[in-house]
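Examining the three-dimensional arrangement
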Amino acid sequence: MWLKLFFLLLYFLVLFVLARFFEAIVWYETGIFATQLVDPVALSFKKLKTILECRGLGYSGLPEKKDVRELVEKSGDLMEGELYSALKEEEASESVSSTNFSGEMHFYELVEDTKDGIWLVQVIANDRSPLVGKIHWEKMVKKVSRFGIRTGTFNCSSDPRYCRRRGWVRSTLIMSVPQTSTSKGKVMLKEYSGRKIDVEHIFKWITAHAASRIKTIYNAERLKEEWNKSDQYWVKIYLFANLDQPPAFFSALSIKFTGRVEFIFVNVENWDNKSYMTDIGVYNMPSYILRTPEGIYRYGNHTGEFISLQAMDSFLRSVQPEVNDLFVLSLVLVNLMAWMDLFITQGATIKRFVVLISTLGTYNSLLIISWLPVLGFLQLPYLDSFYEYSLKLLRYSNTTMLASWVRADWMFYSSHPALFLSTYLGHGLLVDYFEKKRRRNNNNDEVNANNLEWLSSLWDWYTSYLFHPIASFQNFPVESDWDEDPDLFLERLAFPDLWLHPLIPTDYIKNLPVWRFKCLGVQSEEEMLEGPQDTENDSDSESIDTFSSEKEVFEDKQNVVHNSPGRASHCDPEACSCANKYCQTSPYARKGRSHGSYSTNEDMEPDWLTWPTDMLHCTECVVCLENFENGCLLMGLPCGHVFHQNCIVMWLAGGRHCCPVCRWPSYKKKQPYAHHQPLSNDVPS
């Protein structure tokens, strides 16, 4: 997870540097920046009309270019970035979809139950033609959609009873706007009563109703009263302009941020004394002033702060976010981080997508589960102060220059999704390249695995869990608090021995204790062949013997584990003959065999000090029924019973993952026995 988070932060850093690189290229070629102001006098009449349409100001009664230019100047300063975005949006001739309502419930769910948006619905009465023709309706839909106004068509033939109850006996236009200034309040439906059926008049009707919800101030005394008043709204945005009504984007934002931000329009068209505006810090007209408990902020002085719906919406969301905004942001970040797993995972292609789907499901589930207690805590009245301080911290951080750069980059990449996806793919391929190179240097075999091999291993893993009982895969000798596992009895009841045995990995065999059996006063075969050596070389020979014995133990484990379990388990009698000592705890060891014969070393005492402390003392193997010889390799199980290393490894590799004596699972830790030290008279008579 931390690796994916690191790569995601690195990707954001690459996007930030890439945006600055694009700005440098534009400046080198044209000599202008996105924040550079544009003189409206130098623009054509068509570009000026495009700017007014994006800001939501009507120009139907302004036939001359001078009047249109003055209207642009009255609505706010024009930057190069806003001009580029407006022209690009005008060139994009994408058709905007409109909703077709199927009946009363569909209309109620989308229109009357929507508390924070505006709907424009064309109602077509039975056996009547629509009020707005198809061509004009498409223009209307495209014009209002840039301000977040949703559109739809309700044909009364689909639900005539609802149309009669509403009184829609003729074709008309219906607009729904929130009725109150509180969040999630009631909505009211307004019917168009104008005589002129054209796009400009209908748009003026929409903007007039939307602007009526904005508090308007016409004199300095009312402004002073409003400025010094403290009410429920912590964040207020003022528009000081010489206009008849606020732009459509300003009115649309007032409905979108209902209950969070209060929008106030100050009409200074007929003001004679503007000294109070100078006292509160307003020097230029028009001005967009954001007032918070921390102070005032002049919108439009930083990067990306354009006079448009998208730019101001991004700014207000960062300054005064709601819980849904934070959830959507966390959802996007979590999914971007999860998709990094597609490039970090190495091996087969199918494996990559399987891991990706698993990661997406896991991350999104954890995100939703983690948000549930957060939503519950936010409802507590005791956390109001914490909520206030959190918003204060967000306002401080999101009104900095760095935050304005981040918002500008967000708007740039959101308007160019192909560039965003291509950079993400390129970053992922670089991550895949370096990750593959790193794992190859570590000799990781999964890099070269193909799809067939990985599917085969996945099928084996799936069948082991589907058709076999779930067993504990705890490696020995790791300590655990669940040594006495009560589920073992339940597993035995649910899955008797007649059922298939579990597929348990044999990796735990490498961790089982292995040592050599030694008798006191008896030399090994190597020592007898070498003869007496100088005392100077005793330590060296002992270390060499220890190293060779450890190497032999490891090689014996590897060879035996990889042998076919179908081979017969046997032990070489020549290598397993030793003094016949009676096993202190296992009477099964002598079943069916005679103990009348003893070897020549029967009087030799085994060296118990070389044995692990938690192993039971015995001198014969119950698998091959042979005695331990001096120098032979022994292996112990978690239960404490000891066997020849070759014998017990063949036993375990054959699928019998339990002790031959007590049937305790060979992969599960067990409390050690408290046994007494053997005495010399413990030999059976």
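Residues numbered from 1 in each chain as written. Predicted model: local features only at pLDDT ≥ 70, side-chain atom pairs only at ≥ 80, totals over all residues. Heavy atoms only, no water.

Here we come to the pattern of salt bridges. Applying the stated criterion to the full structure yields 23 salt bridges. With a closest N to O distance of 3.4 Å, R69 and E73 form a salt bridge. Of this pair, R69 and E73 both sit in helix α3 (residues 65–75), separated by four residues, roughly a single helical turn. Between R170 and E191 there is a salt bridge, with the nearest N and O atoms lying 3.8 Å from each other. Here the residue R170 occupies a position in the loop between α7 (160–166) and β4 (172–178), and E191 occupies one in strand β5 (residues 187–191), the gap between them amounting to 21 residues. Owing to a relative accessible area of 45%, R170 belongs among the partly exposed residues under this scheme. For E191, a relative accessible area of 38% gives the class partly exposed. The network of salt bridges with shared partners includes K215, E226, K229, K236 and E262. (Salt bridge = Lys/Arg side-chain N within 4 Å of Asp/Glu carboxyl O. Helix = DSSP H or I, 4+ residues; strand = E, 2+ residues; numbered from the N terminus. Buried < 20%, exposed > 50% of the residue type's maximum accessible area, 1.4 Å probe, protein only.)

This part is about the nonpolar core. Core analysis: the biggest nonpolar cluster contains 63 residues, and M140, I206, F263 and M312 have the highest contact counts within it. Leaving out residues up to four positions away in the same chain, I206 has contacts with L120, M140, V144, I149 and M175. In terms of nonpolar packing, the next biggest core, distinct from the first, is built from 30 residues, C519, C639, F643 and Y667 among them. (Core = buried A, V, L, I, M, F, W, Y, C linked by side-chain atoms within 4.5 Å. Contact = heavy atoms within 4.5 Å.)

Where strand β9 (residues 287–292) lies against strand β10 (residues 295–299), five bridges are found, and the strand directions are antiparallel. Across the sheet, L290 pairs through a bridge with Y297, a residue of β10. As consecutive antiparallel partners, β9 and β10 are separated by two residues. (Pairing = 2+ DSSP bridges.)

To continue, consider a nonpolar patch on the surface. On the surface, a nonpolar cluster with roughly 510 Å² of combined accessible area is contributed by L3, F6, L10, L13, V14 and V17. One can find L3 in helix α1 (residues 2–30). On the basis of relative accessibility, which here comes to 37%, the residue L3 falls in the partly exposed class. (Patch = residues over 30% accessible without salt bridge, like charges linked within 9 Å, V, L, I, M, F, W, Y side chains within 5 Å. Areas by Shrake-Rupley, 256 points an atom, 1.4 Å probe, with all protein chains shown as cover.)

Sequence positions flagged by UniProt for "transmembrane region" (unreviewed entry) are, in local numbering, residues 326–344, 353–378 and 410–431. Regarding residues 353–378, the helix share stands at 100% and the strand share at 0%, and the terminal C-alpha atoms are separated by 37 Å. Spanning residues 410–431, this segment combines 95% helix with 0% strand, and its end C-alpha atoms are found 23 Å apart. (UniProt positions renumbered as here; feature names shortened; annotations may be inferred.)

Along the chain, T172 turns up in strand β4. T172 sits 42 residues away from P130 along the chain, and the two C-alpha atoms are 7.5 Å apart. Residues in contact with T172, not counting those within four places in the same chain, are V121, Q122, V123, L131, E191 and Y192. A distance of 3.1 Å separates the side chain of T172 from the side chain of E191, its partner in a polar contact. (Polar contact = N/O pair within 3.5 Å; in protein donor to acceptor, adjacent residues only side chain to side chain.)

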